[in-house]
Structure formats: structure tokens, C-alpha cells
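Next come the chains, spelled out residue by residue.
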Amino acid sequence: MISALIGLPLFGAAVLLLGGRRTNTWGHYLAVAMSSSAFFVGVGAFISMMGKSDKTRQIDQHLFNWLAVGTFHVPFELHLDQLSMVFVLLITGVGSLIHIYSIGYMAHDENRRRFFGYLNLFVAAMLLLVLANNYLLLYVGWEGVGLASYLLISFYQHKPSAAVAGKKAFVVNRVGDVGLSVAIMLMFVAFKSVTFSDVAQRAHTASGHTLTLIGLALLLAACGKSAQFPLQSWLLDAMEGPTPVSALIHAATMVTAGVYLITRAHAIFDLTATARTAVVVIGAITLLLGAFIGTAKDDIKKGLAGSTMSQIGYMILAAGLGPVGYVFAIFHLLTHGMFKAGLFLGAGSVMHGMDDDVNMRHYGALRGAMKITYLTFGLGFLAIIGIPPFAGFWSKDEIIHAAFSQNLVVGLATLIGAGVTAFYMTRMMAMTFFGEARWEKGVHPHESPKSMTAPMIILAVGSAFGGLALKFLGNIETWLEPVVGAAAPKSPASNAVLIPVTLTVVLVGAGYGWLKYAKTPVPAVAPTNVSLLTRAARADAYGDALNEAVFMRPGQYLTRALFWFDSRAVDGTVGGLGAVIGGLSARARRTQNGLARSYALTMFGGAVLIALVLLLVRL
């Protein structure tokens, strides 16, 4: 049963990518069928798990022996437990909705069949990542996700910006992949195994230094895949891909892989306070950095991309809190998957009605022309800023409470992030759906087709009630406890103080955004006379400039120096030696002229020279 989860979308990808043009007319339906079938298989597995006790809910499927070198054995084996189960339902459920949405969104694209093939390939790779029973097999899924994301981000290859964005995402993710490969090698050296169970059981036998190195290497991997500081720069450029890509990869699944990795490796992080602290610091920096970037973006998709950075930062921070936060990291990951996917699909719907214009300064007053998009986007907006009883309130507030219980500074970072989130999301809502119409000439906003609005409605329901369902009906904390441990109970006094404070901060941020962008006219052209902070936010907090200064320029100078050394020193030495030998040979060749008198003279001179030497020796 577990292998079918991966096999179904992988079969769809193979048919679409190898079947050629003959699959053009029906290929997208096959892709939807394969993804949806995987979802129903996942639901069946979930129902089966519900009927078992906590200790017997884990399901393993051994397919074959993969690697066997001496005492090192790695099976190709799948592992389904409570943690991977929630990812299976998220990947296949949200993924299937995005597949359906893409039928309408990509209806007129001549390469639609290839696009759906890439979607199926991505879903299969992501499922392998979360179903692997060892870190090496997880690495295969990890790289598969990287490949599929590259293909999807650069799908519009005729656009130089899309091609560059795909390469940038690929290269930056390879930096993170070095971290994962190093971590796996260290695990092999320390534990003689890379399976999850063996690593967890033997973690206490390793030195603290080794555990810290493994934890930091895993964090580097998470930073690359989850767009965390300092490897966050690729995510904003990745918006060059089709909007369904943004919803699937950069909201609900791929960028959450780092959170899964840290949570899955909790046995390592539980034993190294240094690595956990590094995780918390990276999460705190990224949640504030992403929120800051989101405050000044006029591109609706890039504004949501900054938001994704920030929300993943919350999850990474929570995972870094250790047993106190693992559950809440996954809880927020699930709610975020619903409301952020809905927000991205809503952004795509707005673009569909606005002739693919992404500039929010050209929007305004769309709530009348696009009622379904407005309502569904609005529910996602309420969920992400954390208004009760919507989804984000139940998950993000748990992270804020857990952060305050561990460290005041970290708690304040999460609280400030909540206020800034409310500001930039209110800005986005106001610029898009309220105020005066700023539509460009010839644009006629209209609602999207049902194939697009139906998934948006379902995700909006998840945004509204998903948090409630996970907390009270699904009891997410109890469900994940056998895998990641129990979360520390919160005191009623803490709730009584932090909930009102958090809501107040959120309302202040939302109120300021409303006054600035709904009650004040928004110019159709972004003003250039702005503050240094606004310029920094528009420039993605100078992330690209930093990478260029720290990594690219020194690399260029090093390359030029090596080229000079090679051409002047290495080639110069070899070439100079050859020239010397050639010159001496040319001069020596002149003595071989074929004239007997010249040879006789040479012999006579040699004899005279020898006689003189002998004479000098005797004297």
C-alpha cells in the first residue's frame, strides 16, 4: 500500500514525460487521477492507522536491499508513521487540488502536458522524501524534489528571468544539499547506520561535538530547501514559475521539507543544545526578515513569497525549541499548507482576471468583479494573521506561547513577526480588493472558471476550520506524541496574558495597514522618494547583493587569479622552457652544416682545448 503512494504519481509522470504528443489531449486528466488516487490511498492508510493503538500504527514496507558494502547495509524500505502520515495527506490532498486548479490555469499553454508531468514527478519525489525509512533514501527524494522544482520554476524557458530563477534555485539548494550529505556521512561514521530507528537509538552513544556537527549540517540542508537565512534568496525569484507551482512547491510542500528533516532528526537535536540554539536563531532571523520584505512588495506573488519565508521561519524556530515545539512546528506547517496554498491560488485567480498582471498597484476594487476570489482570499488572510477562530490562530499562537516559555527575546521576535504579518497582509488585501480601481486600459477583471475556484473554496474551508479540526477533532498533539514526544503543557495564566497581547499586536498591525492602504489613495506607480528601510525591503533586504559581495565577487577574483597563474606561471614556465630548448637547438643545428673543413676546424679546436687543459693540470 505504501509503495502505491509513490508509484501512482511516478507512473503518471513517466507516461506524460515519455509518451510524447499523443498524450496532449488527456495527459492533464491522467495527472489529476494519479495524484487524487494517491490521496485516496493515503486516506485509506490513515483510516487503517486510526483503528490501531499508538505503538502499532507504524507501517514498514521492505522493497529490496539497496546497498550492501561490508557491514554497511541500506534497505530500500518505506516507513509510514504518524509524522509521515500528516505529510502524505498534505502533499496528496493539497497537491490534488492544485492539479485540478491547473487544468483551468494552464488551459491555453501548449506545454501543458509537460507541466502536469513535472507536477506528478514532484509529488512522487516529495512522497519518497517523507516515506523513506533512512536518511540516504530520504536524500534521493530530497534531490528529486530539487530537480522537479528546477523544472517547474524554469517552466517558461522563453523568459530569461524564469531560466535564471530556475538555475538560482538549483544552485542555492545544492549548497544546502552539501549539508545533508555531510550529515549522512557523519551518521555512518558515528552510528554505522543511517536508518531513522538506528540513529535515534544510538544517538546517545556519540560525543556532543559529533552530534552538534550533525545537527548543524542538517540545519544547513534545511536552510537551503526551506529558504531560510542565509540561503533564502532563491524563493522570491522562484515566483517566475506558473502560480500553481508557487502554491504547491513554495507554500505547502517543498519549503516545509526542512521542517520535516529537523523534526524527524529530533533524537539528534534533543542531545545538542548548540544546534537547537542555532535552529532557533535562524528561524527568528528568517521570520522577521521575510515579514520585513513582504511590507514593500508590489508583486502579489513575491509578497506572498516573503510571507512564506516568514511562516517557515516560525516553524523552524518552533522545531528548534525541542520537545516544547516539535508538535507546534508540524501543526503550523499543516495549517499554513492550507491557507498559504489558498492565498497563492487566489493570487493566480487575480492574475487570471487581470491579464497576468502581478502588480498590486494596478488592482484595487476587485471584490466586486471577483467575489469568490475575494471571499476565499479573505479567509486565507484572516487565517494567516491569526484571527480566532481561523486556522493560523490555533497554530501560530502556540508557537508564540512556546517561544515565550523558553526565552523572552525569542518570544518578542515571534510577537513582532505577528504584528508585521498583519500589516503586510492587510496591505495586500487592501491594495487588491479595496480602494479605487487602478486597472490599466483594456483590462476587464472577471472571475476564474470553476476548475480554479472549486479548489480555492475547499482550501478556504480549510483556512477557516482546519485549525479547529486539527486541534480538537484530530488532536494533533496526541497524534504526533509517539513520534516527536509530548509538548509541555501551558499554564492558564500564560494563555490569559499572551492571547490578548498577541491579538492586540495583530489588530494594531492590521489597523495601520488598513489606514495606509485602504483609507489613503494608492498611487499606480510606486514612489521613488522612500525611506532606506523601504528601499531595502524592495531589494529583498539586499540578499542578492550580499551573496554577490561575499560569494560571487571573491569567486570571480579567485578565478581570474587562477587563470593568470595558469597562463603566466604554469603555461609560461612550460612555454619558456620549450623556447629555451628550441633556441639552443637552433643554434646547435647551425654547426651541422655538412662542410668537412668546418668539422676539421672543430676537431682541431677540441684537440687544442684538451691539450691546454692537460698542460694546466701538470703545472
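Remember, it's a predicted structure, so these values are computed and weren't measured experimentally. (Residues numbered from 1 in each chain as written. Predicted model: local features only at pLDDT ≥ 70, side-chain atom pairs only at ≥ 80, totals over all residues. Heavy atoms only, no water.)

S.K.: I keep staring at the layout of surface pockets and nothing clicks. Help me out?
M.R.: Left-over empty space is what a probe sized like a water molecule reveals as it rolls over the atoms. Here the largest pocket defines a volume of roughly 900 Å³. In this structure, the largest pocket is lined by 32 residues; those nearest its centre are Phe39, Leu89, Leu90, Met338 and Leu470. Secondary-structure elements contributing two or more residues to the lining of the largest pocket are helix 2 (27-50), helix 3 (82-105), helix 15 (326-353), helix 19 (450-473) and helix 20 (476-484). When the residues that make up the lining of the largest pocket are grouped by side-chain class, the tally is 22 nonpolar, 8 polar and 2 charged. (1 Å grid on protein atoms, 1.4 Å probe; cavity = no way out; pocket = protein on both sides within 12 Å on 5 of 7 lines; lining within 4 Å. Points joined across faces, edges and corners; volume = space filled by probe spheres on them. Helix = DSSP H or I, 4+ residues; strand = E, 2+ residues; numbered from the N terminus. Nonpolar A, V, L, I, M, F, W, Y, C, P; charged D, E, K, R; others polar.)

S.K.: Would you explain empty space enclosed by the protein in this entry?
M.R.: Under the criterion given, the structure shown has 1 cavity of 30 Å³ or more. Volume-wise, the largest cavity comes out at about 40 Å³. Along the walls of the largest cavity sit Gln232, Ser233, Leu236, Ile293, Asp540, Gly543 and Asp544, which together make up its complete lining. Counting residues per element, the ones that place at least two in the lining of the largest cavity are helix 9 (233-237) and helix 23 (543-589). Across the lining of the largest cavity, the residue classes break down as 2 nonpolar, 3 polar and 2 charged.

S.K.: Can you help me understand helix 6 (residues 160-191) in this one?
M.R.: Because an α-helix completes one turn every 3.6 residues, residues spaced three or four positions apart along the sequence face the same direction. Across its 32 residues, helix 6 extends 46 Å between first and last C-alpha, which sits within 8% of the 46 Å expected from 1.5 Å per residue. Of all the bends found along helix 6, the most pronounced is centred on Val175 and spans about 25°. Two residues or fewer past helix 6, Lys192 is found with a positive phi of approximately 60°. (Expected span 1.5 Å × (residues − 1). Bend = angle between axes of the 7 residues up to and from the residue.)

S.K.: Quick question: what am I supposed to make of helix 11 (residues 257-264) here?
M.R.: Of all 8 residues that make up helix 11, 8 are buried, and the element is covered over most of its length. The complete set of buried residues in helix 11 reads Ala257, Gly258, Val259, Tyr260, Leu261, Ile262, Thr263 and Arg264. (Buried < 20%, exposed > 50% of the residue type's maximum accessible area, 1.4 Å probe, protein only.)

These values are about where atoms sit, not about what they do.
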